Amino acid sequence: MIAIGGSRIDALPDFPGFEPDALQRGILDTMRKSAETYAYETAGELAFELRLRKALVESARALARSGMAFEVFRDARANPEYWEVTGEGGFRLKPGARPSEAVRDIFRSGRLYGTECATAMVIVYYRAMLDVMPDEQFDQLFGGIYLFDWERLDSNLMLGDHRRIADELPGDARYFVNPDVDPLHPEWQGENAFYLGGGQYYGHGIGVAGAERILRALNGGRREGATREAYLLPGGKRQDYRRLAAAGSRAAILATAPAGIASGMQIG
Amino acid sequence: MPGNRRTKGIAGLDRLRLANGNEGFEGIFRDLCGKDRAQAARLLNDDKLRFPSLFVLRGDIDEFGLAGALSGSRRTACELARALSSPAPGVPWKSSPEHAPALRWMLRTGAREEGLGKQYDAVMDRAAALLCREHGDRRCLPAVADMAFARRRSGSYAGDAEWALFESGDPACLRLVSARLASRDATDREQARRLLNFIPPAAENADEPALQRRRVSRWISRNRSNLKYTGLGSQQGPCPVRFEVAEAPPANSLSRRPAHARARKGAGT
């Protein structure tokens, strides 16, 4: 169910200046029917979550179309105009490069890039954030951007890893695990994927596909004599949408404040 | 060649490599093969030879038809070096018990080598994964841990070496990592904390490394018999729960708080 300001709502809430599209109405529908309580202080917080979830889905689809290759970290590559590829296979923003431009370039010049699935997930998060905040705010928040699996995740993305999720919602990051992976191909130990809705996922290296196809691909990378099949973990990663929405409101207020105050803003 | 303190007691080929660099070394070996193949084969079969030299020469060994003159385990190591350099995608690896001694030799003599390039590092990671996972070898774990931490210190990719270490499924790997929590090297400490961040004390007391290490060690000791490897690693998320406490601790520690109550229930929220 959905609760706003402590009260359960049964009808679609009124979102001033925002009309949910089909994907977002589907999310609302799942939330309303769920045994889980999706609680918000204001309808605006819920609207922010819907916007960000849609941005995640669109960014994931855009990355799938970008032409970015699957490469193991040792062979990772990036456009040298914006990124330095580090010895461990991460992408470090070059001095002087604007984070917002550098992230957009991955989607624009995808063929110049190659990395593993976890980094692709992180790229999608950054791109979605660009859709819900002005470039100046993004550049300020993510000035030291470093793209490398989950390890160097910026805390300003406010990502939480939940061991179980009651409902699978578009924009959730899921993990398909392959316990009997071939020891010589650890890149097949699992697949990170965004749920796009309608039973479709985007996992870098596999593309946009149903769970069955992702599992089939992982099972094809198992060891000799494997007995365990790949499976989808029950958990998922979600951003803390409420905190992000609150931080976004603060930023909107600070954007009108003197420059010195605005530049000191931190989320989290 | 006269020996010095650095090269005394090591194989002739290793000494040549250290003195001449990889390219010079290969040139000298090729000259030798042209003049005296039997001597070249004897040098390759030297008991003290280290794997990095064999790795550098693997192409020359083929070119000069020396593979047949190699001793059994050396020949296997040469074949493994080739196969592990570029394993065919979609073709599952076939393990054989006769690989194990050669893989052990590769790890024992080659894990500390740095600067031989990405392909060498990849071969070592794959050798480690085979030994830890397919052959159930536990003696190699310290060498694999050393390799993973050395890679991180040098700024090269360490993820597959770390994965191989944990894929042993043996809680002994936790001890090897926890020992680095109190390392003098800040990179080691950070890497150890990250790898063990599913253990509650590893996320605390970061400014007191010795205390942190003691607390993590106690946690491992207390839960050791109940720790179960989950198969999750850094590919899965920022805080993968690599080992879970599977059940309540043994009867002799019932007076303490149950182990599962202390185990962190996962990352994030």
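Just above sits the structure.
The shown structure was predicted, so the numbers you read here are calculated from the model rather than taken from an experiment.

Description of the overall build of chain B
For chain B, the count of helices and strands is 12 helices and two strands. In sequence order, the secondary structure elements of chain B are arranged as α-α-α-α-α-α-α-α-α-α-α-β-β-α. Looking at chain B as a whole, 51% of its 269 residues are labelled buried. When contacts within chain B are restricted to residue pairs at least 6 apart in sequence, long-range pairs at least 24 apart make up 59% of them.

Details of the packing of helix α2 (residues 43-65) of chain A against helix α4 (residues 117-132) of chain A
Residue and element names in this part refer to chain A. Two elements in contact, α2 and α4, have axes whose closest approach is 8 Å; the angle formed by their N-to-C orientations is 130°. Between α2 and α4, the interaxial angle falls into the category oblique. By crossing handedness, the relation of α2 to α4 is classed as right-handed. Counting all contacts with α2, which are made through F48, R51, L52, A55, L56, S59, A60 and L63, the residues of α4 involved are A120, I123, V124, Y125, R127, A128, M129, D131 and V132. Looking at side-chain class alone, the contact of α2 with α4 contains 13 nonpolar, one polar and three charged residues.

Digging into the packing of aromatic side chains
Given two aromatic rings, one states the distance between the centres and the angle between the planes to describe the pair. Within this structure, the stated rule accounts for 18 aromatic pairs over all chains. Between B:F51 and B:W105, the ring centres sit 5.9 Å apart and the planes meet at 85°, which makes this aromatic pair edge-to-face. One end of the pair, B:F51, is in helix α3 (residues 51-63); the other, B:W105, is in helix α5 (residues 99-110), and 54 residues separate them in sequence. In this structure, B:F51 and B:W105 share a single accessibility class: buried. Here the aromatic cluster, defined as three or more aromatic residues joined through ring pairs, consists of A:F73, A:Y146, A:F148 and B:Y157. Taking NZ or CZ as reference, A:R51 lies 4.7 Å from the ring centre of A:F18, over its face.

Quick word on the pattern of salt bridges
Scanning all chains against the criterion turns up 49 salt bridges over all chains. With its nearest N and O atoms 2.9 Å apart, the salt bridge here joins A:D21 to A:K54. You can see A:D21 sitting in the loop between β2 (7-9) and α1 (22-33) and its partner A:K54 sitting in helix α2, a full 33 residues away along the chain. According to the relative accessible area criterion, A:K54 is partly exposed, its value standing at 24%. A salt bridge links B:D160 to A:R74, with the shortest nitrogen-to-oxygen separation between them at 3.9 Å.

Side note on unusual backbone geometry
Residues and elements named next belong to chain A. The phi torsion at D149 lies on the positive side, around 25°, for a residue other than glycine. Within the secondary structure, D149 is located in the loop between β8 (146-147) and β9 (159-162). According to the relative accessible area criterion, D149 is buried, its value standing at 5%. Despite not being glycine, M158 shows a phi value in the positive range, around 50°. Positionally, M158 belongs in the loop between β8 and β9. M158 sits in the buried class, given a relative accessible area of 6%.

With respect to the sheet that holds strand β3 (residues 38-40) of chain A
All names here are of chain A. Pairing in this open sheet of three strands is mixed, and the strands run β2-β1-β3 from one edge to the other. Strands with a single pairing partner mark the edges of an open sheet, and in this sheet they are β2 and β3. Ignoring strand direction, the axes of neighbouring strands in this sheet form an average angle of 30°.

Considerations on the sheet that holds strand β5 (residues 83-85) of chain A
Residues and elements named next belong to chain A. Taken together, the three strands give an open sheet; going across it, the order is β5-β6-β8, and neighbouring strands pair in antiparallel fashion. Single-partner strands in this sheet number two, and they are β5 and β8. As paired elements, β5 and strand β6 (residues 91-93) share three bridges and run antiparallel to each other. What sits directly across from V85, in β6, is F91. Its contacts with the sheet place helix α3 (residues 99-108) against β5, β6 and β8, and it is angled at close to 65° to β5.

About the criteria used
- Residues numbered from 1 in each chain as written.
- Chains lettered and ligands numbered in written order.
- Predicted model: local features only at pLDDT ≥ 70, side-chain atom pairs only at ≥ 80, totals over all residues.
- Heavy atoms only, no water.
- Helix = DSSP H or I, 4+ residues; strand = E, 2+ residues; numbered from the N terminus.
- Buried < 20%, exposed > 50% of the residue type's maximum accessible area, 1.4 Å probe, protein only.
- Contact = heavy atoms within 4.5 Å.
- Axes fitted to C-alpha atoms, helices over the stretch in contact; angles between N-to-C directions.
- Parallel < 35°, antiparallel > 145°, perpendicular 65-115°, else oblique.
- Left-handed = near helix turned anticlockwise from the far one by under 90°.
- Nonpolar A, V, L, I, M, F, W, Y, C, P; charged D, E, K, R; others polar.
- Phe/Tyr/Trp six-rings, centres within 6.5 Å; stacked < 30°, edge-to-face > 60°.
- Lys NZ or Arg CZ within 6 Å of the ring centre and 35° of its normal.
- Salt bridge = Lys/Arg side-chain N within 4 Å of Asp/Glu carboxyl O.
- Pairing = 2+ DSSP bridges.

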